[in-house]
Every structure is written in structure tokens, then in C-alpha cells.
Amino acid sequence: PEPVIEDIYAIWTAAFQNHLGLAPEDFNNYKILIVIPDLYRRAVVQRYFDVALRLMGFCAAMCHVESVCTSFGAGLSSCCVVNIGDRCTSIACVDDGLSLPQTRLQLAYGGRDVQDALFRQLCKINFPYVSTDLLCCFFGRTRISQADKY
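Caption draft 1: Region of the structure containing the pairing of strand β3 (residues 79-84). Both β3 and strand β4 (residues 89-95) contribute to a ladder of 6 bridges, which runs antiparallel. Counted as the bridge partner of Ile84 is Thr89 from β4. The antiparallel pairing of β3 with β4 creates a hairpin that spans 4 residues between the two strands.

Here is the structure:
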């Protein structure tokens, strides 16, 4: 198998063992739900199923898109789900439990980009505490370079 598949297998197995207390020999007694992004590649999902069914030995598997799972988890049948990640933001609207394809959108910026913009603005206005360790920790920076100041 591919190295990535082996890594997924190792991560999933460790998570089931360490966090749920499930031994690998017991996986065949369980079914698995794989939550996939709203915008996904079919080949990747097929590999997830291969790991779950063939390598890990679950007795059954199914997948569902994250926006629908999120809306049901919140107790809503219709909503707009905005997932602001570290590097990208995804948006999808759900109506009556179905993710609407025409509303799925992925933007190439996320929380880190917002932090960087705020940090640059604080440097631009000569905010007095920009160089302190506390503010650097908040913005996930170890030091401030001259490029960050301008």
C-alpha cells in the first residue's frame, strides 16, 4: 500500500485504541461513518473506504458530507455551514438534510490569514505591545521580523 494509506491506518488505529479503547481485533464488530469534506475527490474517499474495510476490518462503512453532519448535530434540517479552518474556509448550505451543490464554496484563506492581517495592522499603527512575548504567543510567532513591521 501507499505510505499515505499506511499513515491513515496507523492514525485511525491509534485513535480507536487510545481514545475509544477499541482493540483492532474487535473492529469487525463495528460499523464506521466517515465524514468527508463537502468538496471531495472520489479517489480519496475510495482510499478511506479501503482503509476502513480492508485494512482495519470494519464490518460496514458509509460516508457523509460534513455540512450535513454538522447541521444534524446542531438539530437543524436547513442552515448554512461556514467552516473557518487554519488555511481555508469552506461554505455549504443544507436544505432538508441535503447539501446543495451550487452553494458549496472553498476560499483560500482562513484563521491564520486573519491573524496575519490583524498583526500587520497592529504593526502599521505602531501598537505599543507588538513586540511583547504575550502578543507574539497570541499570533503564534516566535519573533518579529522587519518584514512583519511593514
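Here the narrative resumes, following the displayed structure.
Caption draft 2: Structural view of helix α3 (residues 66-73). Taken together, the buried positions of α3 are Ser67, Val68 and Ser71. End-on view of α3: buried residues confined to an arc of 100°, all on one side of the axis. Residues of α3 that are buried make contact with β2 (60-65), β3, β4 and β5 (98-99). In the stretch just after α3, Gly75 is the one whose phi turns positive, near 80°.

Caption draft 3: Main features of the environment of Ala10. Along the chain, the position of Ala10 falls in helix α1 (residues 3-20). Residues Ala10 and Val51 lie 41 residues apart in sequence; the distance between their C-alpha atoms is 10.0 Å.

Caption draft 4: Up close: the packing of α1 against helix α2 (residues 42-55). It is at 10 Å that the axes of α1 and α2 come closest, and there the two elements cross at 60°. Here α1 lies oblique to α2, going by the angle between them. Judged by the twist between their axes, the crossing of α1 over α2 is right-handed. Contacts from Ile5, Ile8, Tyr9 and Trp12 in α1 reach Arg47, Tyr48, Val51, Ala52 and Leu55 in α2. For the contact of α1 with α2, the residue count by class is 8 nonpolar, no polar and 1 charged.

Caption draft 5: Expanded view of the environment of Leu53. Examined against the element boundaries, Leu53 turns out to sit in helix α2. The spacing of Leu53 and Phe27 is 26 residues in sequence and 9.5 Å in space, taken between C-alpha atoms. Not counting the four nearest positions on each side in its chain, Leu53 is found in contact with Phe58, Ala60 and Ala61.

Caption draft 6: Inspection of the pattern of salt bridges at higher detail. Here the structure, examined in full by the defined rule, presents 3 salt bridges. One salt bridge in this structure joins Glu2 and Arg47, with 3.1 Å as the shortest N-O distance. One end of the pair, Glu2, is in the segment before α1; the other, Arg47, is in helix α2, and 45 residues separate them in sequence. Its relative accessible area of 38% is what places Glu2 among the partly exposed residues. A salt bridge links Arg112 to Asp86; the nearest nitrogen and oxygen atoms lie 3.1 Å apart. In this pair, Arg112 sits in helix α4 (residues 111-124) while Asp86 sits in the loop between β3 and β4, placing the two residues 26 residues apart along the sequence. Assessed through its relative accessible area of 35%, Arg112 is described here as partly exposed.

What counts, and where the lines are drawn
- Residues numbered from 1 in each chain as written.
- Predicted model: local features only at pLDDT ≥ 70, side-chain atom pairs only at ≥ 80, totals over all residues.
- Heavy atoms only, no water.
- Pairing = 2+ DSSP bridges.
- Helix = DSSP H or I, 4+ residues; strand = E, 2+ residues; numbered from the N terminus.
- Buried < 20%, exposed > 50% of the residue type's maximum accessible area, 1.4 Å probe, protein only.
- Arc of directions from axis to C-beta.
- Contact = heavy atoms within 4.5 Å.
- Axes fitted to C-alpha atoms, helices over the stretch in contact; angles between N-to-C directions.
- Parallel < 35°, antiparallel > 145°, perpendicular 65-115°, else oblique.
- Left-handed = near helix turned anticlockwise from the far one by under 90°.
- Nonpolar A, V, L, I, M, F, W, Y, C, P; charged D, E, K, R; others polar.
- Salt bridge = Lys/Arg side-chain N within 4 Å of Asp/Glu carboxyl O.

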